[in-house]
Amino acid sequence: MTEHRINRAEAQDLYRAPLAELGAAASEVRYRKHAEKIVTYSIQRTVNYTNICNAYCSFCSFYRAPGQPEGYLLSDEQIMAKIEDGIAQGATGIFIQGGDHPDLRIEYYEALLRKVKRAIPD
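A quick note: this is a predicted structure, and the numbers were derived from the prediction, not measured.

Thresholds, definitions, all that
Residues numbered from 1 in each chain as written. Predicted model: local features only at pLDDT ≥ 70, side-chain atom pairs only at ≥ 80, totals over all residues. Heavy atoms only, no water. Core = buried A, V, L, I, M, F, W, Y, C linked by side-chain atoms within 4.5 Å. Buried < 20%, exposed > 50% of the residue type's maximum accessible area, 1.4 Å probe, protein only. Helix = DSSP H or I, 4+ residues; strand = E, 2+ residues; numbered from the N terminus. Contact = heavy atoms within 4.5 Å. Polar contact = N/O pair within 3.5 Å; in protein donor to acceptor, adjacent residues only side chain to side chain. Axes fitted to C-alpha atoms, helices over the stretch in contact; angles between N-to-C directions. Parallel < 35°, antiparallel > 145°, perpendicular 65-115°, else oblique. Left-handed = near helix turned anticlockwise from the far one by under 90°. Nonpolar A, V, L, I, M, F, W, Y, C, P; charged D, E, K, R; others polar. Salt bridge = Lys/Arg side-chain N within 4 Å of Asp/Glu carboxyl O.

Enquirer: Mind showing me how you'd approach the nonpolar core here?
Expert: Membership of the largest hydrophobic core is limited to 10 residues, which are Val47, Tyr49, Leu74, Ile79, Met80, Ile83, Leu104, Tyr108, Leu112 and Val116. Secondary structure elements with two or more residues in this core: β1 (44–50), α3 (76–88) and α4 (106–119). In this view, Leu74 contacts Asn48, Tyr49, Ile79, Lys82 and Tyr108; residues no more than four positions away in its chain are not counted.

Enquirer: Help me understand the side chain of Asn51, please; the structure alone is not making it clear to me.
Expert: Here Asn51 lies in the loop between β1 and α3. Asn51 sits in the buried class, given a relative accessible area of 5%. From its side chain, Asn51 meets the backbone nitrogen of Tyr72 in a polar contact 2.7 Å long. In this structure, Asn51 is in contact with Phe62, Tyr63, Arg64, Glu70, Gly71 and Tyr72, ignoring residues within four places of it in sequence.

Enquirer: Before we go on, may I ask you to explain the packing of α3 against α4 in this structure?
Expert: The description of two helices packed together rests on the angle between their axes and the distance between the axes. For the pair α3 and α4, the least separation of the axes is 11 Å and the interaxial angle reads 40 degrees. Taken as axis vectors, α3 and α4 run oblique relative to one another. Seen from above, α3 lies across α4 with right-handed handedness. From α3, Asp76, Ile79, Met80 and Ile83 reach across to α4, where they touch Tyr108, Leu112, Lys115, Val116 and Ala119. For the contact of α3 with α4, a count of residues per class yields seven nonpolar, no polar and two charged.

Enquirer: Please explain the pattern of salt bridges as it appears in this structure.
Expert: When their charged atoms lie close together, side chains carrying opposite charge are able to pair. The final tally for this structure, using the stated rule, is four salt bridges. Put simply, Glu70 and Arg64 hold a salt bridge, and the shortest N to O gap is 4.0 Å. The partly exposed category is assigned to Arg64, whose relative accessible area is 27%. Among the salt bridges present, the one from Asp76 reaches Lys115, with a minimum N-O distance of 3.2 Å. Of this pair, Asp76 sits in helix α3 while Lys115 sits in helix α4; the two residues are 39 residues apart in sequence, bridging distant segments of the chain. Overall, the relative accessible area of 23% leaves Asp76 in the partly exposed class.

Next comes the structure, spelled out in structure tokens:
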């Protein structure tokens with residue numbers, strides 16, 4: 001089966017398509033490529049532990065510069081509660097992400113990951 005690459009106009013059409021139509025078209029392509037009707041999904045929980053970031057990149061509009069009042073750093077308890085909530089809702093993966101917080105050193109991340117590993121069985 002040959003792979004079809006789309007051009008810019010086709011990509012823009014897909015971007016503007018109603019979500020239900022886009023989903024139906026995607027299913028049609030999937031069934032054409034893989035006739036079996038078995039589909040699996042991975043449920044992920046993203047925990048944004050901080051939005052404070054001093055990188056000032058153009059990657060996201062989520063970050064807040066250090067000192068801005070909208071900036072936050074979740075406590076370990078808040079992070080663990082979000083992880084536990086994700087697991088309770090069927091998450092099979094946990095994604096911990098946040099800004100480049102200027103006050104957090106490697107020891108913070110090591111301690112956090114140890115705490116998560118102790119709390120979540122293999």
